[in-house]
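Each chain is listed here by its residues.
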Amino acid sequence: MSRERSINPARLSRGLQGLRGRRDPAPLAGQRSRTANGLGDVHTRKVLDLTIRLAEVMLSSGSGTADVVATAQDVARAYHLTDCLVEIFVTTVFVSAPPTADSPPLTIVRSVNARSTDYTRVADLDRLVGRITSGGVSVDEAHHAMDEISEQSHPYPRWLATFGWAGFALGIALLFGGTWLTCLLAAVTAGAIDRAGRLLNKIRTPFFFQHVIGAMIATLVAVAAYYFFGLGPTTLVATGIVMLLAGMTIVGAMQDAVTGYMLTAVTRLGEALFLTGGIVVGILAGLQVAELLGVRIELHVDATQMFITPNQPLPIALAVFGAAFAGLCFTIASYGPLRSALTAGVVAGVAELVLIGLGGAGFGQVVATGIAAVLVGVFATLISIRRQAPALVTATAGIMPMLPGLAVFRAVFYLAVDEDFDDGMQQLFSAAAVALALGAGVVLGEFIGSPLRYRAGRLGAFLRVEGPPGLRRAVGAVVHLQPAGEIPPVRTEGQRSRSVAMEPDLGDDQLSEDTGGSGDTPSDNSAHPG
């Protein structure tokens, strides 16, 4: 009797396995491709070359690592290469096709050494990726389009970009409450810094020394204005600092950290810190020159007042206009399309208005800046799903007016000139906290807005424009793409060479959500940091 009542583990296990219900798929770790893909080495090489060229342009423009990986894999899948592996380690890009039953593995490696901010090129790349994932574009046609994108010169002449930087500095000086003379000098200083940077870049001067020279120019102009016109140096130097900080990829670094690419994130943050050190050296050099010339600068600023915002209608209006004008001019200086510049200016102005409102309500600078940056991230997502501008363009330009230029200058001045360690460190930590709040806030805003890309019910359907996405923003609820409908077997060279239409894979993504985001999808499995 006791033997009949005893539980048989094998029978119990079979009984549990026989229960009905949806099961999680097996993880991809350790699996191999046992079937032939029938694509051929030539086609595979062309697709890998296309994806790595696309990744190189995105990475050099400041895109996040996860964005580059997701976009490159979308393009590879559109050309029937469903198991393409894309890995990025700091500035090195690896794309690989694993071995199949009829072909050996193929791998291409490129190093992204040159950085060039051209938002028109980013917008053109966004449209090209949208065409590829809509179907019907051959690999050769895509390569030809990439040739045109990567080889074309900037859309605007150099003098217009210099005027863009001058306008950016004028808007920042207006935001800081500068007089008309201060704004004019700030614009002239920004133009001088831009031309000096172009000259130094021609002779391949390292970026550290370019920042040293740029900060020194701003400081010397401020010293001259202080000596001849009695203008306070803070606004002029802080404007130059914001201009130099604008080239740093703080948002991309924070996105890399959030999406799991920690090594690349640490490298980007380290680079930003190192270049900020160049700015500090330039300021110190300028102040040393002023001291040798017998010019003694005094700052009449209360270091405990970390966050000062205007509280009268006219100063508030001027600050908001200055932020909007700075965002617009920054996009022009970065060779962005006019439509993108207008939307970026509006977003920057709205973010500054929110920042002033939160400051007036008693919020601290870090919290208020973070909330304003979250708003920028949400707006960047909305604008991108409306196909008005890539999210990278709007997000970057929207936070530029909030960069902590004032805190950096005050920290350097208190530490080096007044030898006030406590106040200097207080300002220094404030600058670091604001910079991190900007980067993290934008990423959080895009995370909050990410369901609008393919979900959010009627609201999402009302806001978005139908069709495959262009450049991906791999933050939040990332929806992978899959071929639309039933794809016939690939039999001819013509079928292989043309892309297939892609559509959101909401079913698999919903399964991933139901199972707690186990990450057992091809894209997630290949998105781990190198």
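Just so you know, these numbers come straight off a predicted model, no measurement behind them. (Residues numbered from 1 in each chain as written. Predicted model: local features only at pLDDT ≥ 70, side-chain atom pairs only at ≥ 80, totals over all residues. Heavy atoms only, no water.)

J.: Could you give an account of the overall build of the protein chain, naming the residues involved and the relevant values?
T.: The secondary structure content of the protein chain amounts to 22 helices and 5 strands. Counting across all 530 residues of the protein chain, residues that qualify as buried make up 50%. Contacts spanning at least 24 positions in sequence make up 76% of the contacts within the protein chain whose residues lie at least 6 apart. (Helix = DSSP H or I, 4+ residues; strand = E, 2+ residues; numbered from the N terminus. Buried < 20%, exposed > 50% of the residue type's maximum accessible area, 1.4 Å probe, protein only. Contact = heavy atoms within 4.5 Å.)

J.: Can you break down the pairing of strand S2 (residues 92-97) residue by residue, with the values?
T.: Of all the 6 residues making up S2, 5 are buried; the element is thus mostly covered by neighbouring parts of the structure. As judged from the 5 bridges shared by strand S1 (residues 85-89) and S2, these two strands associate in the antiparallel manner. In the sheet register, Glu87 faces S2, and the bridge partner there is Phe94. The turn linking S1 back onto S2 is made up of 2 residues, and Val90 within it adopts a positive phi angle of 60°. (Pairing = 2+ DSSP bridges.)

J.: Outline the pattern of salt bridges, listing residues and values.
T.: The full count for this structure, using the stated rule, is 9 salt bridges. Between Arg53 and Asp147 there is a salt bridge, with its nearest N and O atoms 2.6 Å apart. Of this pair, Arg53 sits in helix H3 (residues 41-60) while Asp147 sits in helix H6 (residues 139-151), and the two are 94 residues apart along the sequence. The residue Arg127 makes a salt bridge to Asp124 at a minimum N-O spacing of 2.3 Å. One end of the pair, Arg127, and the other, Asp124, are both in helix H5 (residues 119-134), 3 residues apart, so they sit about a helical turn from each other. Classification of Asp124 as buried rests on a relative accessible area of 17%. Among the charged side chains, a salt-bridge network with shared partners connects Asp49, Glu56 and Arg110. (Salt bridge = Lys/Arg side-chain N within 4 Å of Asp/Glu carboxyl O.)

J.: Lay out H5 in plain terms, naming residues and giving numbers.
T.: Taking 1.5 Å of rise per residue, 16 residues should cover 22 Å, and H5 covers 23 Å from first to last C-alpha, within 8% of that figure. Most of H5 sits out of view: 13 of its 16 residues are buried. Directly beyond the C-terminal end of H5, a positive phi value near 95° is found at Gly135. (Expected span 1.5 Å × (residues − 1).)

J.: Pulling in residues and values, what's your account of the packing of helix H11 (residues 250-258) against helix H18 (residues 421-449)?
T.: Direction vectors running N to C along H11 and H18 enclose 60°, while the axes themselves pass 8 Å from each other. Classed by the angle they form, the pair H11 and H18 counts as oblique. As for how H11 packs across H18, the hand of that crossing is right-handed. Contact with H11, carried on its side by Ile250, Val251, Met254, Gln255 and Val258, involves Ala435, Leu436, Gly439, Ala440, Val442 and Val443 of H18 and no other residues of that element. Of the residues contributing to the contact of H11 with H18, the split by class is 9 nonpolar, 2 polar and no charged. (Axes fitted to C-alpha atoms, helices over the stretch in contact; angles between N-to-C directions. Parallel < 35°, antiparallel > 145°, perpendicular 65-115°, else oblique. Left-handed = near helix turned anticlockwise from the far one by under 90°. Nonpolar A, V, L, I, M, F, W, Y, C, P; charged D, E, K, R; others polar.)

J.: Explain the packing of helix H15 (residues 365-385) against helix H16 (residues 391-399) to me, and be specific about the residues and the numbers.
T.: Axis separation between H15 and H16 bottoms out at 8 Å; the angle between their running directions is 150°. In terms of their interaxial angle, H15 and H16 are classed as roughly antiparallel. For the pair H15 and H16, the crossing hand works out as right-handed. For the pair formed by H15 and H16, the contact residues are Val376, Ala380, Ile383 and Ser384 on the first element and Ala391, Thr394, Ala395, Gly398 and Ile399 on the second. Looking at the contact of H15 with H16 residue by residue, the class counts come to 6 nonpolar, 3 polar and no charged.

J.: Would you mind going over the confidence of the model for the protein chain in detail, with residue names and values included?
T.: Looking at the protein chain as a whole, the pLDDT averages 80, with 76% of positions reaching at least 70. Segment residues 508-530: pLDDT under 50, and 40 contacts once partners within four positions in sequence are set aside and those in other chains are kept. (pLDDT = per-residue confidence, 0-100.)

J.: Kindly report on the nonpolar core, identifying the contributing residues and their values.
T.: Within the largest apolar cluster, 115 residues are counted, with the highest numbers of intra-cluster contacts made by Tyr79, Leu125, Ile132, Phe168 and Ile283. With 9 residues, the single largest contributor to this core is H3. For Ile132, the residues in contact, after removing those within four places along its chain, are Leu50, Val75, Ala78, Tyr79, Val137, Ala142, Ser499 and Val500. (Core = buried A, V, L, I, M, F, W, Y, C linked by side-chain atoms within 4.5 Å.)

J.: Can you tell me about the sheet that holds S2, naming the residues and giving the values?
T.: Strand order in the open sheet made by the 3 strands is S1-S2-S3, with antiparallel pairing throughout. Taken across any chain shown, the strands that pair with only one partner, and hence form the sheet edges, are S1 and strand S3 (106-111). Between one strand axis and the next, the sheet turns through 15° on average, direction left out of account. The sheet strands contacting H3 are S1, S2 and S3, and the helix crosses S3 at an angle near 25°.

J.: Help me get a handle on the packing of aromatic side chains, residues and values and all.
T.: For any pair of aromatic rings, the description rests on two quantities: the centre-to-centre distance and the angle between the ring planes. Scanning the entire structure with this criterion turns up 9 aromatic pairs. On the numbers, 5.4 Å between centres and 85° between planes, the contact of Phe208 with Phe209 is edge-to-face. Residue classification places Phe209 among the partly exposed positions, given a relative accessible area of 47%. Each residue in the set Trp165, Phe168 and Phe330 is aromatic and connected to the rest through ring pairs, giving one cluster. (Phe/Tyr/Trp six-rings, centres within 6.5 Å; stacked < 30°, edge-to-face > 60°.)

J.: Requested: an account of unusual backbone geometry, with residues and values cited.
T.: Across residues other than glycine, the phi torsion is negative in most instances, and most of the peptide bonds are trans. Phi is positive for Val90, close to 60°, though the residue is something other than glycine. Topologically, Val90 is positioned in the loop between S1 and S2. What makes Val90 partly exposed here is its relative accessible area of 21%. Even without glycine at this site, Tyr335 takes up a positive phi of about 60°.

J.: Lay out the side chain of Thr369 with the relevant residues and their values.
T.: Mapped onto the elements of the fold, Thr369 is located in helix H15. A distance of 2.6 Å separates a polar atom in the side chain of Thr369 from the backbone oxygen of Gln365. Excluding anything up to four places from it in sequence, Thr369 contacts Leu355, Val434 and Leu438. (Polar contact = N/O pair within 3.5 Å; in protein donor to acceptor, adjacent residues only side chain to side chain.)

J.: Talk me through helix H7 (residues 158-175); I want residue IDs and the actual numbers.
T.: Relative to the 26 Å expected for 18 residues at 1.5 Å per residue, H7 spans 26 Å between its end C-alpha atoms, a close match to the ideal helical length. Counting buried positions along H7 yields 13 of 18 residues, so the element is predominantly enclosed. Phi turns positive one or two residues past the end of H7, at Gly177, with a value near 85°.

J.: Go over the environment of Leu160, please, and point to the residues and values.
T.: On the secondary structure map, Leu160 appears in helix H7. Each C-alpha atom of the pair Leu160 and Ile332 lies 8.0 Å from the other, and the pair is 172 residues apart in sequence.

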